[in-house]
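# Topology and contacts: notes
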Amino acid sequence: MSDLLTSFGLPPLHDPEQIIANNRNLLAASRIDGVVARPVAALKSEPDSASETLSELLYGEPVQLIAEAPGWWFVISIIDGYMGWTPESAITEYEFLPTHRVTAPLTHLYSEPALKSEPELILPMGAFLTLPGVTENGFAESTYDGWYMRNISRVSVTPWMRTTPSQ
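Here is a short report on the structure shown in this document. (Residues numbered from 1 in each chain as written. Predicted model: local features only at pLDDT ≥ 70, side-chain atom pairs only at ≥ 80, totals over all residues. Heavy atoms only, no water.)

## Comments concerning the pattern of salt bridges
- For the structure on display, the rule yields one salt bridge.
- Note that Asp-33 and Arg-31 form a salt bridge whose closest N and O atoms lie 2.8 Å from each other.
- The class for Asp-33 is partly exposed, based on a relative accessible area of 27%. (Salt bridge = Lys/Arg side-chain N within 4 Å of Asp/Glu carboxyl O. Buried < 20%, exposed > 50% of the residue type's maximum accessible area, 1.4 Å probe, protein only.)

Spelled out as structure tokens, the structure:
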């Protein structure tokens, strides 16, 4: 999991007492199958929206697919190792490494590079973004879905990791 965390600009998980390694609810993921496509997606104990919420995934967070049920995927978070069921619609294809993260409690995604455009999405702190470097009017264009203006910072990723991931 350390190599995958590094590719998202994160340090390896600090686990000197092997709590993560020995906890049956946490698993060392080995590949990225998708990323979260919603601001927040619940990890459920069962493939049912009424079941217990175990944890949450944030926008852009990488996951590995473990199992499937109609309309649901059982996934593990590459970031923290938590796993559970999430709606299939909450996960999208993984194409690019992130370049930025949201650094304020919330930030907005705009459809146009203008403050007067209606915000389309509100993202929480810690969400991952891929911004290819296109800017206009102080906004940065997202690879996937719109424009961000502020409350973001660059992810520290080594240059050799800034390539399209291979499956």
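## Quick notes on the sheet that holds strand β11 (residues 128-129)
- Taken together, the three strands give an open sheet; going across it, the order is β11-β8-β15, and neighbouring strands pair in antiparallel fashion. Each edge of the sheet is formed by a strand with only one pairing partner; in this case those strands are β11 and β15 (152-154).
- Bridge analysis of strand β8 (residues 100-102) against β15 gives three bridges, and the strand direction is antiparallel. When the sheet's bridge partners are listed, Val-102 is paired in β15 with Ile-152. (Pairing = 2+ DSSP bridges. Helix = DSSP H or I, 4+ residues; strand = E, 2+ residues; numbered from the N terminus.)

It is worth stressing that arrangement in space is one thing and function is another; only the former is reported here.
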